[in-house]
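Fold and contact review
Given next are the chains, with one letter for each unit.
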Amino acid sequence: MQRKMTLVAIVAAGLWCTAAFAADAYPVKPVRIVVPFAAGGSTDILARNIAQRLNEALRSPVIVENRPGAGALIGAEYVSKAAPDGYTLLMGTNTTHAVAPHLYTKMPYHALKDFAPVAEVAYNPQFLDVHPSIPVRSVKELIVLAQNRPGQLNFGSAGQGSASHMAMELFKSMARIDITHVPYKGSGPALVDVLGGHLSMMFDVVLTTLPHMRAGRLRVLGVSSLKRVDVAPDVPTIAESGLPGFEALVWFGLFAPTGTPAEIVGRLSAEVGKIVHQPGLRETFALQGLTPVGSNSPQFAAKVSKDHAVWGKVIREAGIKLD
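Read on for an overview of the structure. Everything numeric here is computed off the predicted structure, so don't read it as measured data.

Remarks on the packing of aromatic side chains
For the structure on display, the rule yields nine aromatic pairs. Residues Tyr109 and Phe115 carry aromatic rings whose centres are separated by 5.5 Å and whose planes lie at 90 degrees to one another, so their mutual orientation is edge-to-face. Judged by relative accessible area, Tyr109 falls into the buried class, the value being 6%. Judged by centre distance (5.9 Å) and plane angle (75 degrees), the ring pair of Phe115 and Phe255 falls under edge-to-face. Of this pair, Phe115 sits in strand β4 (residues 115-124) while Phe255 sits in strand β10 (residues 250-257); the two residues are 140 residues apart in sequence, bridging distant segments of the chain. Exposure remark for Phe255: the relative accessible area of 0% places this residue in the buried category. Through a chain of ring-to-ring contacts, the aromatic side chains of Tyr109, Phe115, Trp251, Phe255 and Phe300 assemble into a single cluster.

Notes on the environment of Pro117
Inspection of the secondary structure puts Pro117 in strand β4. Between the C-alpha atoms of Pro117 and Gly40, which are 77 residues apart in sequence, the distance is 24 Å. Ignoring any residue separated from it by four or fewer positions in sequence, one finds Pro117 in contact with Leu254, Phe255, Val265, Ser297, Phe300 and Ala301.

Description of the nonpolar core
Soluble, globular proteins show a tendency: their nonpolar side chains are buried together. In this structure, Leu128 and Phe171 are the most contacted members of the largest nonpolar core, which totals 50 residues. Element by element, the count of residues in this core is highest for helix α6 (residues 163-175), at six residues. By size, the runner-up hydrophobic cluster in this structure holds 33 residues, among which are Leu54, Val118, Leu254 and Val272.

Description of unusual backbone geometry
Cis geometry is adopted by the peptide bond preceding Pro27, which originates at Tyr26 and carries an omega value of -5 degrees. The phi angle at Ala72 is positive, at roughly 85 degrees, despite the residue not being glycine. Positionally, Ala72 belongs in the loop between β2 (62-66) and α3 (73-80).

A closer look at the sheet that holds β2
Ordered in space as β2-β1-β3-β10-β4-β11, the six strands form an open sheet in which the pairing is mixed. Of all strands in the sheet, those with a lone pairing partner are β2 and β11 (291-292), marking the two edges. Across the sheet, helix α2 (residues 42-58) lies against β1 (31-35), β2, β3 (88-93), β4 and β10, angled at about 160 degrees from β2, the strand it touches most.

Quick look at the side chain of Thr93
By the element assignment, Thr93 lies in strand β3. Ignoring anything within four residues of it in the chain, the contact list for Thr93 reads Phe37, Thr43, Trp251 and Phe252.

Describing helix α7 (residues 187-195)
Of all the residues in α7, the buried ones are Ala190, Leu191 and Val194. All buried residues of α7 fall inside an arc of 100 degrees around its axis, so they share one side. Looking at the buried residues of α7, the elements they touch are β6 (154-157), β8 (201-205) and α8 (206-214). At the exit of α7 stands Gly197, carrying a positive phi of roughly 80 degrees.

Let's talk about the side chain of Asp44
When you line up the elements, Asp44 lands in helix α2. Asp44 gets classed as buried once you look at its relative accessible area, which sits at 3%. When sequence neighbours within four positions are dropped, the list of residues in contact with Asp44 reads Val35, Ala38, Ala39, Val64 and Asn66.

A look at the sheet that holds strand β7 (residues 180-183)
Within a sheet, neighbouring strands are paired by backbone hydrogen bonds and run either parallel or antiparallel to one another. Taken in spatial order, the five strands make up an open sheet running β7-β6-β8-β5-β9, and their pairing is mixed. Both edges of this open sheet fall to β7 and β9 (219-223), since each of them pairs with a single strand only. Averaged over all pairs of adjacent strands, the angle between their axes in this sheet comes to 30 degrees, without regard to strand direction. When strand β5 (residues 126-130) meets β8, the two strands line up antiparallel, connected through five bridges. Bridging from a neighbouring strand, Gln126 pairs with Val205 of β8. α8 rests against β5, β8 and β9 of the sheet, and its axis sits at about 120 degrees to β8.

Comments concerning the layout of surface pockets
What the largest pocket holds in volume is close to 790 Å³. Ser42, Ala163, Ser187, Val205 and Val250 are, among the 34 residues lining the largest pocket, the residues nearest its centre. Counting only elements with at least two residues in the lining of the largest pocket, the list comes to α2, α4 (94-103), α6, β8, α8 and β10. Among the residues forming the lining of the largest pocket, the class breakdown is 15 nonpolar, 17 polar and two charged. In this model, the second largest pocket occupies a volume close to 620 Å³.

Quick notes on empty space enclosed by the protein
This model, assessed by the stated rule, comprises one cavity of 30 Å³ or more. The volume enclosed by the largest cavity comes to roughly 50 Å³. For the lining of the largest cavity, the secondary structure elements donating two or more residues are α4 and α6. When residues of the lining of the largest cavity are assigned to their parent elements, the largest contribution, three residues, is made by α6. The class makeup of the residues in the lining of the largest cavity is seven nonpolar, two polar and no charged.

Cut-offs applied
Residues numbered from 1 in each chain as written. Predicted model: local features only at pLDDT ≥ 70, side-chain atom pairs only at ≥ 80, totals over all residues. Heavy atoms only, no water. Phe/Tyr/Trp six-rings, centres within 6.5 Å; stacked < 30°, edge-to-face > 60°. Buried < 20%, exposed > 50% of the residue type's maximum accessible area, 1.4 Å probe, protein only. Helix = DSSP H or I, 4+ residues; strand = E, 2+ residues; numbered from the N terminus. Contact = heavy atoms within 4.5 Å. Core = buried A, V, L, I, M, F, W, Y, C linked by side-chain atoms within 4.5 Å. Pairing = 2+ DSSP bridges. Axes fitted to C-alpha atoms, helices over the stretch in contact; angles between N-to-C directions. Arc of directions from axis to C-beta. 1 Å grid on protein atoms, 1.4 Å probe; cavity = no way out; pocket = protein on both sides within 12 Å on 5 of 7 lines; lining within 4 Å. Points joined across faces, edges and corners; volume = space filled by probe spheres on them. Nonpolar A, V, L, I, M, F, W, Y, C, P; charged D, E, K, R; others polar.

As structure tokens, then:
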């Protein structure tokens, strides 16, 4: 028995040393960041900016690999089943980890159990846009109008389950109002119809809204983040405008497969935290309407878990399901 216990201890020590050595030597080969969306989109551009700087920080190649399809599920599933060694990462979003798990009846991965959150990279707030013909100038006035005209106002979105759709469903739920959803195949066509007065309102990212707001073609009632945005400091948050706690962001973050050594996750998290606050990248983010975050692994894990619960509740209450 004593010989067996000694052997077990030796094997365990050997495995620990091997893992420790692997973490210390990391990386010894190229690191891949999988983007579950097509090349050229906002997630892809963000991932390539991070990859370029991680390449310099790790002194090892960091490449971006696009694996789009099935509403981002294909790429996310691929990473969830990859070897947990730090060489395959996912640039995930609130869609892959907080919304999709509640929208689809069959999920190829478990958003909370199959991934180790590394770091939140950045987030994109959304503006609540209304057509100037809508007789409101604040969030409170919009809520009162919707209460007096249930089902008569409408809103556009980029499609079922999109960030713009989810933001309005949360708004409706918290304000206890009824506004009719009109889904589109992308935010662009929806925005065109809001500008044309065919739709009452929509949530859209700050960067797209700004030129129309400044030209007076749209009236912006609030921003979906808990803090006002630097590019439009006069626009109040929705949370301070009558719906305390309201937050509906498009966020982006790095994930590793569950089981990835904590030392590797910690190193990646620390490097990303430094990278996102580099002056050059902050300027790039600002041009894209992004706010840098660079949170550590526990902080990001807490955010993912919270968002998973929030959007699950919203989706269940709204009765939204996708096959």
